[in-house]
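The primary structure of each chain is shown beneath.
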Amino acid sequence: MIEKLVPYKIKVYNKIKDDIINGVYVPGDVLNERGLADALGISRTPIREALQMLAQDGWVSIESYKKATVREYDIKHMNELQRIRDVLECCAIEDAVDHITELDMKNLEQLQEEQVKALREYKANSFIELDRKFHNYIYRLSGNNELIHLLQNYYDMFLFIGIQAVSNTEEIKSNVLKEHEAILEALRERDKEKAKNAMHQHMNVTKENMLSRLQNVCHAEKKRIRTEKLDNITRKD
C-alpha cells in the first residue's frame, strides 16, 4: 500500500518509476490503471495523472485508445537522449563553477574517495550510487531547478536500461574515476572552459560504452528470436 500523502500523483509517479528502474516492470509491460489503483489502494485518477507524467518524461508510451506500456529503447533513441544529456551536463558544470564553495569541493572529493574505495572493494551497487550522487551534486550546484529535474530524469533512464557506463568492466569504472578527477581539477581551478571540456569528454566516453552495451543486448535478443524460430520449425517437422 502506498502512503496517502498529497499530492497523490507525485507519490504514484515515483512509485511506478522506481518499480521500472528496479525491474518490477520491464519494457513492453502494460501498466493497467485498475490494477495499479487496487495495488496502491487509491483511486484511478492519480494513477492516470501519474502515467501521463511518466509519458511526458519518457518512461511510458500512451497511444490513443490504448493502455500505457513501459517504453522500449533502441539505439537511435538512446543516441538522441545522450546528445541532449551531454549539452545539459555541460550547462550544469559551467553554472556550478560560478557557485561552488570550498565546502562543496570537499564534499565532491569525499564522494570521489568513496567511489575509489567502492571500486577497490568490488562494491558495484555502491559505485553506481556514488556516481549518481557525484552528478546530482553538480546538478544542484547549477542552481537551475529545471536543469536539475531534466538531468536527474536522463540519468535514471540510463540506469534503468542497464547500460550506464559504470555498470560494465572494472577498467571502465577506473576510467570513470579518472574522468571525474579531471572534472574536479577544473572545478578547483574555477575554469569554466576546462570544466565543460572535461564533462564533454566524460559524456563522449559514456556514450561509446553505452552504445556498445546496447548493441550487444540487441544482438543477443535477435539471436534469441532466431533460435526460437528455428526451434518452432524443428518441432513442426
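Rules and cut-offs
Residues numbered from 1 in each chain as written. Predicted model: local features only at pLDDT ≥ 70, side-chain atom pairs only at ≥ 80, totals over all residues. Heavy atoms only, no water. Helix = DSSP H or I, 4+ residues; strand = E, 2+ residues; numbered from the N terminus. Buried < 20%, exposed > 50% of the residue type's maximum accessible area, 1.4 Å probe, protein only. Contact = heavy atoms within 4.5 Å. Areas by Shrake-Rupley, 256 points an atom, 1.4 Å probe, with all protein chains shown as cover. Pairing = 2+ DSSP bridges. Expected span 1.5 Å × (residues − 1). 1 Å grid on protein atoms, 1.4 Å probe; cavity = no way out; pocket = protein on both sides within 12 Å on 5 of 7 lines; lining within 4 Å. Points joined across faces, edges and corners; volume = space filled by probe spheres on them. Salt bridge = Lys/Arg side-chain N within 4 Å of Asp/Glu carboxyl O.

If you tally the helices and strands in the chain, you get 9 helices and 3 strands. Ordered by position from N to C terminus, the α and β elements of the chain give α-β-α-α-β-β-α-α-α-α-α-α. The buried share among the 237 residues of the chain stands at 41%. Within the chain, counting contacts between residues at least 6 apart in sequence, those at least 24 apart form 73% of the total. Total accessible area on the chain is roughly 13500 Å²; 49% of this is exposed by carbon and sulfur atoms.

The next subject is the sheet that holds strand 3 (residues 68-70). Spatial ordering of the open sheet is given by 1-3-2, a layout of 3 strands whose pairing is antiparallel. Here the strands that pair on one side only, and so sit at the sheet edges, are strand 1 (30-31) and strand 2 (60-61). Where strand 2 meets strand 3, 2 bridges bridge the pair, whose relative direction is antiparallel. By the bridge assignment for strand 3, Val 60 is matched with Val 70.

With that settled, the discussion passes to helix 1 (residues 8-21). Across its 14 residues, helix 1 extends 20 Å between first and last C-alpha, which sits within 8% of the 20 Å expected from 1.5 Å per residue. Every buried residue belonging to helix 1 is among Val 12, Tyr 13, Ile 16, Lys 17, Asp 19, Ile 20 and Ile 21, and all of these are buried. Against the buried residues of helix 1 lie strand 1, helix 2 (33-40), helix 3 (44-56), strand 2, strand 3 and helix 7 (145-160). Downstream of helix 1 by one or two residues, Gly 23 has phi in the positive range, about 85 degrees.

It is worth spelling out the layout of surface pockets at this point. Approximately 180 Å³ is the volume found for the second largest pocket. Elements represented by at least two residues in the lining of the second largest pocket include exactly helix 2 and helix 3.

Our focus in this paragraph is helix 8 (residues 170-188). Taking 1.5 Å as the rise per residue, helix 8 with 19 residues should run 27 Å; its terminal C-alpha atoms sit 27 Å apart, in good agreement. By the burial criterion, the buried members of helix 8 are Ile 172, Lys 173, Val 176, Leu 177, Glu 179, His 180, Ile 183, Leu 184, Ala 186 and Leu 187. At the C-terminal side of helix 8, Arg 190 shows a positive phi close to 55 degrees.

This next bit is on the pattern of salt bridges. With the rule as written, the count across this model stands at 15 salt bridges. Note that Glu 129 is salt-bridged to Arg 132, the shortest N-O span being 3.4 Å. Taken together, the positions of Glu 129 and Arg 132, both in helix 6 (residues 124-142) and 3 residues apart, correspond to about one turn of that helix. With relative accessibility at 35%, the residue Glu 129 sits in the partly exposed group. Ionic pairing is found between Arg 132 and Asp 156, a salt bridge with its closest N-O pair at 2.6 Å. Residue Arg 132 is found in helix 6, and its partner Asp 156 is found in helix 7; the two are separated by 24 residues along the sequence. Taken together, the salt bridges that share partners define one network made up of Lys 17, Glu 129, Arg 132 and Asp 156.

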